[in-house]
Amino acid sequence: MTQVILFNVTNGLIIGAFYVLMALGLSLILNLSNVINFAHGNFLALGGYLAFTLSPVLGYWGALLISPLLTALIGVVVERLMIRRIYNRDPVYSLLLTFGLAFVLQDAARFIWGPNGLPMGLPAALAQPITSTLFFITVTVIGLFAFLRYSRIGLRIRAGTFDLETVATLGVNVRHLRTLNFAVGCLLAGLSGVLAAGQIGLNPNMGDELLMPSFIAIIVGGVGSLIGTLLGGLLIGMAAALTTAFYPAASEAVIYAIMMAVLLLRPRGLIGEEGMMS
Amino acid sequence: MTTAVVAASESRSVSRKALLLVAVWAALLTVPLWLPLLGGYTALAGRVLVFGLAAMGLNMLLGFTGVLSFGHAAYFGLGAYGAGLTLRYLVHSTPAAILAGTLLGGLAGSLFGLLIVRRRGVYFAMCTIAFGQLWYYLAYSWNSVTGGFDGLRDFHREAIGFPPMVLDITSGGNSFYYFLLAIFAAAVGLMGFLLRSPFGRTLLAIRENERRARFLGIPIERHIWLSFSISCFFTALAGTLYALLNNFADPLTLHYSLSGYFVVMTVIGGMRTFWGPLLGAAVFVMLQDYISSMTVNWMSFVGVIFILVVLFFPRGLLGMIRRRVAA
């Protein structure tokens, strides 16, 4: 029994870690630009597929480094061409736009790499993919928080989350800041894609299953708080995995139950700011 | 402007509205006459009516209250499943199925609405998306009752009325289309009445300036909740009709993609117009029917349509016409 629980705790950690990486990117974009990026799961798939194509040339380690950066670069192009045009408009337009984008990106992945699943080879050093994936995700999350806390740009992103207008008045180029912030979000998605490809292989909808739990992680953790998103992601990942151990049919339902409970009992989320969600 | 000019322009806008009304109903009533000439079939018109009603229900919230739900497929799908489950397991009665499905979807929406009325903007939308997916997973995994991924089958719409007054709507012909149209007309009439009432005007006030409305003493949360709930009831009604139309309910009627389709239909037709969503539904259904018969990559076409509408066409068809007339 102890072994079963231990196995599911490990499983919960790894699922939760992916939720966290995905949700942190979504949360960054949501907080600064007020845009829900429906296409985030497709950026994840893109990262994975790019790594699949690049790893024969660059090796796994090179692909692990380069393909998230390429994903971020594509994110920059998309933001410049489309998303930036709808920042000051009704939220309905940003949702429709990223929704349409998700369709196009998914079809593109299917067109380029085929509709069937592909395996992703791992180097011998990563024979224990669970441990290494957890390690990479932990390092990335620590790096992200350090970047937001100690770098000038990170500071501006956090300040912009609270009051973008004042940040603009102080002489920060808000347009560039938003582009960069979007790129950081896509970078995280691309990295999760490479890591997820090593775990579960590649398919064109691989990001879709992560999208809803990531929304829920943000709602549960509290909109506006990245630490909240981190906790929310781990919490629902763990809850889903432990439910799988005892009652597999309810493993999807339990994360929605947690969301409802949070909305009912603590609407601003675990550590969200008061009034941030209104 | 003098009063005479104002009166003249008002009477012109009233007569324009009457003209639009006559045109809409004349077109809908004569569908079986002209649709085959354009290469369509009557079931397609039924789909337009059903999606149009769902999108008009959504638009009560989106266009007339200014609140964005991206999860209305949940209530549509609950209506469909409610109707299907009633016909399959409880009674073989079409009116009972419609009633049960509408209540199921509407009440689920009303209860969930209580939890989220204080959220605004994208956060409201995010909560509605996430909650909507709950029902998708439920229908998907509760195999024994809902049929799981394959959908709910083995039910069919029943003739309505008692002998000797029986209307046979079981075949796919015109009588079922007119049955749909009658329910559509009743629902849309009720919707128009609600939107013209003081309640509907209050919703407009909230849309235009929520803070001012609050200062005027309007209970904002209660109105948004009412608008959300009523809109869920209309969409659920449309969902029951969809189940009757296809004699089938599948999990995709609960999926958030369909919510996105409802929103894009509303935007294509014109968010702030009453008839816009119906027009948008017509355009969307025709395009989808056409494109999916041409290519397997219809998803990217739909995606491109979404993007083009947002970037170049945000006011929608009726919104643009209205603007041109005003200018």
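Just so it is clear, the structure is predicted and the values come from calculations on it, not from any experiment.

Caption draft 1: Spotlight on the overall build of chain A. Across its full length, chain A holds 10 helices and zero strands. Along chain A, helices (α) and strands (β) appear in the sequence α-α-α-α-α-α-α-α-α-α when read from the amino end. Over its C-alpha atoms chain A spans a radius of gyration of 18 Å, differing by no more than 12% from the 19 Å that the globule rule assigns to 278 residues. With the principal axes as the frame, chain A shows a C-alpha extent of 55 × 50 × 35 Å. Put simply, chain A has 278 residues, and 51% of those count as buried. Sequence separation of at least 24 residues holds for 76% of the intrachain contacts in chain A that already meet a minimum separation of 6.

Caption draft 2: Structural context of the overall build of chain B. From N to C terminus, chain B includes 15 helices and zero strands. Scaling as 2.2 N^0.38, a compact globule of 327 residues should have a C-alpha radius of gyration of about 20 Å, and chain B matches this with 20 Å. Across its three principal axes, chain B shows a C-alpha extent of roughly 65 × 45 × 45 Å. Looking at chain B as a whole, 47% of its 327 residues qualify as buried. A separation of at least 24 residues holds for 74% of the contacts in chain B among residues at least 6 apart in sequence.

Caption draft 3: Region of interest: the environment of Trp113 of chain A. All names here are of chain A. Its place among the elements puts Trp113 in helix 3 (residues 91–113). Note on Trp113: 19 C-beta atoms within 10 Å, which makes it partly exposed. Placed 61 residues apart in sequence, Trp113 and Phe52 show a C-alpha to C-alpha distance of 9.7 Å.

Caption draft 4: Seen up close, the nonpolar core. Counting 187 residues, the largest nonpolar core has Leu96, Ile216 and Ile219 of chain A together with Met126, Ala130, Val264 and Phe306 of chain B as its most contacted members. Among the elements that line this core, the one with the most residues is helix 1 (residues 2–33) of chain A, at 15 residues. What Ile219 of chain A contacts, discounting residues up to four positions off in sequence, is Met259, Val262 and Gly269 of chain A together with Met126, Cys127 and Ala130 of chain B.

Caption draft 5: Summary view of the packing of helix 10 (residues 251–265) of chain A against helix 6 (residues 121–141) of chain B. Close contact between helix 10 of chain A and helix 6 of chain B brings their axes to 10 Å; oriented N to C, the two are set at 150°. Remark: the crossing between helix 10 of chain A and helix 6 of chain B carries left-handed chirality. Contact with helix 10 of chain A, carried on its side by Glu252, Ala253, Tyr256, Met259 and Leu263 of chain A, involves Cys127, Ala130, Leu134, Tyr137, Leu138 and Ser141 of chain B of helix 6 of chain B and no other residues of that element. Among the residues forming the contact of helix 10 of chain A with helix 6 of chain B, the class breakdown is nine nonpolar, one polar and one charged.

Caption draft 6: Inspection of the interface of chain A and chain B at higher detail. Listed as interface residues are 37 residues of chain A and, on the opposing side, 37 residues of chain B. Residues of the side of chain A that touches chain B, tallied by class, amount to 30 nonpolar, four polar and three charged.

Caption draft 7: Region of interest: the environment of Pro91 of chain A. With respect to the helices and strands, Pro91 of chain A occurs in helix 3. Assessed through the 20 C-beta atoms surrounding it within 10 Å, Pro91 of chain A is described here as buried. When the C-alpha atoms of Pro91 of chain A and Ser55 of chain A are compared, they prove to be 39 Å apart, with 36 residues separating the residues in sequence. Not counting chain neighbours up to four residues away, the residues in contact with Pro91 of chain A comprise Asn34 of chain A together with Leu68, Gly121, Val122 and Ala125 of chain B.

Caption draft 8: How the structure looks around helix 5 (residues 152–162) of chain A. Residues and elements named next belong to chain A. Of all the residues in helix 5, the buried ones are Arg156, Ile157, Gly160 and Thr161. The buried residues of helix 5 occupy one face: seen down the axis, they fall within an arc of 145°. The exposed residues of helix 5 that point more than 90 degrees off its buried face are Arg152 and Phe162. In this structure, the buried residues of helix 5 make contact with helix 1, helix 4 (129–150), helix 6 (164–169) and helix 7 (174–200).

Caption draft 9: Broad picture of the confidence of the model for chain A. For chain A, mean pLDDT is 88; residues scoring 70 or higher make up 98% of the total. At the level of individual helices and strands, chain A shows its lowest average pLDDT in helix 10 of chain A, which scores 86, and its highest in helix 2 (residues 40–81) of chain A, which scores 94.

Caption draft 10: Fine view of the environment of Leu242 of chain A. All names here are of chain A. Structurally, Leu242 can be placed in helix 9 (residues 226–246). Taking the C-beta count within 10 Å as the criterion, Leu242 has 17 such neighbours and is therefore assigned partly exposed. Sequence spacing of Leu242 and Met1 is 241 residues, and the spatial spacing of their C-alpha atoms is 12 Å. Setting aside chain neighbours within four positions, we find Leu242 in contact with Asn8 and Gly12.

Caption draft 11: The arrangement of the packing of helix 2 of chain A against helix 7 of chain A in detail. All names here are of chain A. Here helix 2 crosses helix 7 at 140°, and the two axes come no closer than 7 Å. Relative to helix 7, the crossing made by helix 2 is right-handed. Taken together, the residues that form the contact of helix 2 with helix 7 break down as 21 nonpolar, 10 polar and two charged.

Criteria and thresholds
- Residues numbered from 1 in each chain as written.
- Chains lettered and ligands numbered in written order.
- Predicted model: local features only at pLDDT ≥ 70, side-chain atom pairs only at ≥ 80, totals over all residues.
- Helix = DSSP H or I, 4+ residues; strand = E, 2+ residues; numbered from the N terminus.
- Rg over C-alpha atoms; globule rule 2.2 N^0.38 Å.
- Buried ≥ 20, exposed ≤ 12 C-beta atoms within 10 Å, placed from the backbone.
- Contact = placed C-beta atoms within 7 Å.
- Core = buried A, V, L, I, M, F, W, Y, C linked by C-beta atoms within 7 Å.
- Axes fitted to C-alpha atoms, helices over the stretch in contact; angles between N-to-C directions.
- Left-handed = near helix turned anticlockwise from the far one by under 90°.
- Nonpolar A, V, L, I, M, F, W, Y, C, P; charged D, E, K, R; others polar.
- Arc of directions from axis to C-beta.
- pLDDT = per-residue confidence, 0-100.

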